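# Close look at the chain arrangement
Below, each chain spelled out in residue letters.
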Amino acid sequence: MVRLSVERFSKFIVQKVHKLSPSVSLVTIKPEDDSKIEPLPVCYSLSLANTDCSEQRPYTPINLIEDYDAPLTNFDILVRQYPNGIISGFLCSRNPGDIVNVRGPFIKVDIDDVVCKYDRLGMIAGGTGITPMLQIVRFVLQKCQKTAMTLLFGNVSETEVLL
């Protein structure tokens, strides 16, 4: 079982890169040795780095998690490729079997004990900013039977509608 660390990078393998729009790809990565990944918190990000770890950027996985206490087999990362983006360009140009370095998880907001206390939850997101909201929505649907949600989401253009 792979235990991620915020202190050091672990090697992961690219499973696939799927282009969703002209500027966004869905990148699926898994542990190098095909083992499972320890369960992770809600509302977290991972830091992904190029081969020599000289550059890194945070990304929020969007996996469909059916049980937050169960180990994962891979991560799905939504990546917007910027013209001069070092890491976004690196990730979007990977091929199956290529190495990507990962560390984390970095908890953005500790929502586990808080969000279910509310009857209503409102969220606003744009573009790839949908990724942390998806983690929260999936958690609420799974754990908070009484919490109603509203999500306002926007994009620059219709071609950039991602999911």
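Residues numbered from 1 in each chain as written. Predicted model: local features only at pLDDT ≥ 70, side-chain atom pairs only at ≥ 80, totals over all residues. Heavy atoms only, no water.

## Let's talk about the packing of aromatic side chains
A full pass over the atoms with the stated rule returns one aromatic pair. Relative to Phe 75, the ring of Phe 12 has its centre 5.9 Å away and its plane inclined at 40 degrees; by these criteria the two rings are tilted. Taken together, the residues span a long stretch of sequence, with Phe 12 in strand S1 (residues 10–19) and Phe 75 in strand S5 (residues 75–80) at a distance of 63 residues. In this pair, the class of Phe 12 matches that of Phe 75, namely buried. (Phe/Tyr/Trp six-rings, centres within 6.5 Å; stacked < 30°, edge-to-face > 60°. Helix = DSSP H or I, 4+ residues; strand = E, 2+ residues; numbered from the N terminus. Buried < 20%, exposed > 50% of the residue type's maximum accessible area, 1.4 Å probe, protein only.)

## Considering the pattern of salt bridges
All told, the structure shown has five salt bridges when counted by the stated rule. For Arg 57, the salt bridge is made with Glu 55, and the minimal N-O distance between the two is 3.5 Å. The class for Arg 57 is partly exposed, based on a relative accessible area of 36%. Taking the shortest distance from any N to any O, the salt bridge between Asp 119 and Lys 146 comes out at 3.4 Å. Of this pair, Asp 119 sits in the loop between strand S6 (99–107) and strand S7 (120–126) while Lys 146 sits in the loop between helix H2 (130–143) and strand S8 (148–154); the two residues are 27 residues apart in sequence, bridging distant segments of the chain. Judged by its relative accessible area of 48%, Asp 119 falls in the partly exposed class. (Salt bridge = Lys/Arg side-chain N within 4 Å of Asp/Glu carboxyl O.)

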